[in-house]
Amino acid sequence: MRLRLAAGLCLLAFEAFGVFTARLPLAPSRTRTRYVIGAAVGTEGLTEDQMERRYRLPAEGVFAGEPAALFDRIERAEAAFEKYGRSRVYVRYAVDGGPEQQWRFPH
Amino acid sequence: MAFPALTAPFRVANTALPPQLALLCRLLALAFLATGQLALIQSPYLPYLDIPADPQSGPWFQRALQLWALLAAIGLLFTTRVRTFALLLAAAIAAAHLASRAYQPPGLALAASLLTLSALSAQNGAPRLLFAQYALLYMHPASRPVEWILAASAAAASLPAGRAATIAQTLAVWGSAIYQCFLLYETGPDNGFHFLSAQAGLLTFLPWPKTIAVFYDGACGFCAASRRLASRFDFDGLFDWRAQHSGAPADFCPAPSQARGSLATETAGHIRRGYLAWRDMTAHLPAAGFAAMLALALAPTLQARLALAAVLLFVLSPLSNFIGEPFYRLIARHRHKFLPALNSNQ
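Residues numbered from 1 in each chain as written. Chains lettered and ligands numbered in written order. Predicted model: local features only at pLDDT ≥ 70, side-chain atom pairs only at ≥ 80, totals over all residues. Heavy atoms only, no water.

## A word on the overall build of chain B
The following threshold applies: Under the scheme used here, helices are H or I runs from DSSP no shorter than 4 residues and strands are E runs no shorter than 2 residues, and both carry numbers assigned from the N terminus. Only protein chains enter the accessibility calculation, which uses a 1.4 Å probe; a residue is then buried when its area is under 20% of its type maximum, exposed when over 50%, and partly exposed in between. Contact criterion: two residues are considered in contact whenever any of their non-hydrogen atoms come within 4.5 Å of each other. Per-residue and other accessible areas were derived by the Shrake-Rupley procedure at a 1.4 Å probe size, with only the shown protein chains allowed to occlude residues.
The helix and strand tally for chain B stands at 16 helices and 4 strands. Classification of the 346 residues of chain B by burial places 49% in the buried group. Considering only contacts within chain B whose residues lie at least 6 apart along the sequence, 71% involve residues at least 24 apart. When the accessible surface of chain B is summed, it comes to about 15,700 Å², and 67% of that surface belongs to carbon and sulfur atoms.

## Brief notes about the interface of chain A and chain B
To keep it simple, the criterion reads: Once two parts are put together, the accessible area they lose, assessed with a 1.4 Å probe and summed over both, is termed the buried area. Counted as salt bridges are all cases of a side-chain nitrogen of Lys or Arg within 4 Å of a carboxyl oxygen of Asp or Glu. Two N or O atoms form a polar contact when they lie within 3.5 Å of each other; inside protein one atom must be a possible hydrogen donor and the other a possible acceptor, and for residues adjacent in sequence the pair counts only when both atoms belong to side chains.
Residue-level contacts link 28 residues of chain A with 35 residues of chain B. A buried area of about 2,700 Å², summed over both sides, lies between chain A and chain B, and 68% of it is on carbon and sulfur atoms. On the chain A side of the contact with chain B, A:Leu26, A:Pro28 and A:Arg30 bury the most area, a combined 26% of that side's loss. On the surface where chain A and chain B come into contact, there are 1 salt bridge. One salt bridge connects A:Arg30 with B:Glu147, and the closest N-O pair in it is separated by 3.4 Å. Across the contact surface, chain A and chain B share 7 residue pairs in polar contact (both at pLDDT 80 or more). Residue assignment for the side of chain A that touches chain B shows that the elements contributing at least two residues are α1 (2-20), α2 (48-55) and α3 (67-81) of chain A. It is α1(A) that contributes the most residues to the side of chain A that touches chain B, 11 residues altogether.

## Here we look at α2(A)
Residue and element names in this part refer to chain A. To keep it simple, the criterion reads: This arc is taken over the directions from the axis of the helix to the C-beta atoms.
The set of residues buried in α2 consists of Met51, Arg54 and Tyr55. Buried residues along α2 cover an arc of 75° about the axis, so they all sit on one side. In α2, the exposed positions that point more than 90 degrees away from the buried face belong to Asp49 and Arg53. In the segment just after α2, Arg56 is the residue with positive phi, at about 55°.

## A short note on the sheet that holds strand β3 (residues 263-267) of chain B
All names here are of chain B. Stated formally: Between any two strands, pairing holds if DSSP finds at least two bridges. Axis geometry follows a simple rule: fit a line to the C-alpha atoms, using only the stretch in contact for helices, then measure angles between N-to-C directions, giving values from 0 to 180 degrees.
Within the open sheet, the 4 strands sit side by side as β2-β1-β3-β4. Their pairing is mixed. Edge positions in the sheet fall to β2 (239-243) and β4 (270-273), since each of these pairs with one other strand and no more. Ignoring which end each strand starts from, the neighbouring axes of this sheet average 20° apart. With 5 bridges connecting them, strand β1 (residues 212-216) and β2 associate as parallel partners. Note on β2: the bridge partner recorded for Tyr216 is Ala243. Contacts between helix α12 (residues 274-283) and the sheet are confined to β1, β2, β3 and β4, with β3 contributing the most and set at about 55° to the helix.

## A short note on helix α6 (residues 128-137) of chain B
When you tally the buried positions in α6(B), you get 8 out of 10 residues, the bulk of the element. Structurally, α6(B) contributes buried residues whose contacts are with α1 of chain A together with α1 (19-34), α5 (108-120), α7 (145-156), α8 (163-187) and α9 (192-200) of chain B.

## Regarding the packing of aromatic side chains
Residues and elements named next belong to chain B. Operational definition: Two rings from Phe, Tyr or Trp (for Trp, the six-membered ring) form a pair when their centres are within 6.5 Å of each other. A pair whose planes differ by under 30 degrees is stacked, one over 60 is edge-to-face, and the rest are tilted.
Under the counting rule described, the total for this entry stands at 13 aromatic pairs over all chains. The interplanar angle of 5° and the centroid separation of 4.8 Å between the aromatic rings of Phe131 and Phe205 together place this pair among those described as stacked. Of this pair, Phe131 sits in helix α6 while Phe205 sits in the loop between α9 and β1, placing them 74 residues apart in sequence. Each member of the pair, Phe131 as well as Phe205, is classed as buried.

## Some details on the nonpolar core
Rule in force here: Buried Ala, Val, Leu, Ile, Met, Phe, Trp, Tyr and Cys residues form a nonpolar core when they are joined through side-chain atoms within 4.5 Å.
In terms of nonpolar packing, the biggest core is built from 94 residues, with B:Phe32, B:Leu89, B:Leu115, B:Tyr134 and B:Phe205 touching the most fellow members. Looking at this core, the element that brings in the most residues is α1(B), giving 11 residues. In contact with B:Phe32, other than residues within four places in its own chain, are B:Gln37, B:Leu38, B:Ile41, B:Ala69, B:Leu89, B:Ile93, B:Leu108 and B:Phe193. The next biggest cluster of nonpolar side chains, apart from the first, holds 19 residues, and it includes A:Tyr35, A:Val91, A:Tyr93 and A:Phe105.

## Considering the confidence of the model for chain A
Close reading of the predicted structure is inappropriate where its pLDDT is low. Stated precisely, the cut-off is as follows: Scored from 0 to 100, pLDDT reflects the predictor's confidence in each residue.
Considering every residue of chain A, the mean pLDDT works out to 86; 100% of them sit at 70 or more. Within chain A, no element has a lower average pLDDT than α3(A), which sits at 83, and none a higher one than strand β4 (residues 87-95) of chain A, at 93.

## Considering a negative patch on the surface
All names here are of chain A. Inclusion rule: Patch construction takes residues with relative accessible area above 30% that form no salt bridge. Like charges are linked within 9 Å, and nonpolar side chains (Val, Leu, Ile, Met, Phe, Trp, Tyr) are linked within 5 Å. A positive count includes Lys and Arg, and a negative count includes Asp and Glu. His and the chain ends are not counted in either. Working definition for charges: the position is that of NZ of Lys, CZ of Arg, CG of Asp or CD of Glu.
Residues Glu48, Asp49, Glu52 and Glu60 make up a contiguous surface patch of negative charge. Sorting elements by how many residues they give to the negative patch places α2 first, with 3 residues. Mapped onto the elements of the fold, Glu52 is located in helix α2.

Laid out in structure tokens, this is it:
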């Protein structure tokens, strides 16, 4: 019983760390990020279909979450699919209807 | 040869977990399957922890996870090994969640955590680990004031049994149930599984009676037929049926004119009559919980899901007494008209 209690407390501590460092979303995000992605590998631009397959996201849309999570996903995809660092990604985005901002990869 | 571990999904007694936690785990398994989470596992696939290291083997990894989750959900629904299969389903969800950065549907982390903490809970005593989970659910960097209140009430539910703990539990249950509806409306249909998980998790706060004494009019054919019908869904033998005037406490047994065609229950010292008694019985039938969860999970639109949730909350709340009680009396008054239909069901 004590072992189970200790395991449960460890899980809750792990969750608390994840929640307060924004790495583990327990509750649904209320933030909406409207975005448009443009990407190229070397000198060749990617089509919308290619971007959707690469990032598992429409090239243009509304992301249910913080923009950091969107950028993280793009960075992960580039790390997985483009080993030679030739890709260039450009994202225009607006958080919750706020002013438009830009993000580039690599930074 | 019968396999002793197999059981009906509606049976929640006689497992390693308290009945309300066994029901919670089974409702989560049902919601997981009914909302199509199985097909969505690791879809889209995008490595997070580089598991598997070779992206080409992603589909095999995905199929293996889907099979793992399916078997765990079936085991959770149809066997008495609730603790084991709850851990297995939670592990499958956690593995899928951690292995793919793209696969993070809202609610999965909560469902996996509720399953794990239920499995780690003791057979007796208040499930304080789950109370803490609810407090944590409402604590995050962007918490609203109402969420801090809900977190505090969920944490206060862990207080020793008494008036303060009861008030905290009531606030946590009703506050969470209503707030989760609002959150679903605010964040949209993609958060349906989170909504279902959070609502099912509220069972944590509800003490489950060992038995409910049901007093009915023994001379009434409609009541006897109702008893036979209700017994069909009472898989755990929760209801202890007693014909009135045959052992009911003197201060409890209504006068003959009131007793005619009426129903009363006694649950942990609380006596309820008429509509309240009917609601008390229905709320403790796992089959009713399964029906409600299935209806919520299969609701075709966000509006339909919210409307259904609103109706269920209304029926379970004291607000419905004003309509429910007269309706119950109306049915009781015209019970002889329903008797043939009930008898034809036997």
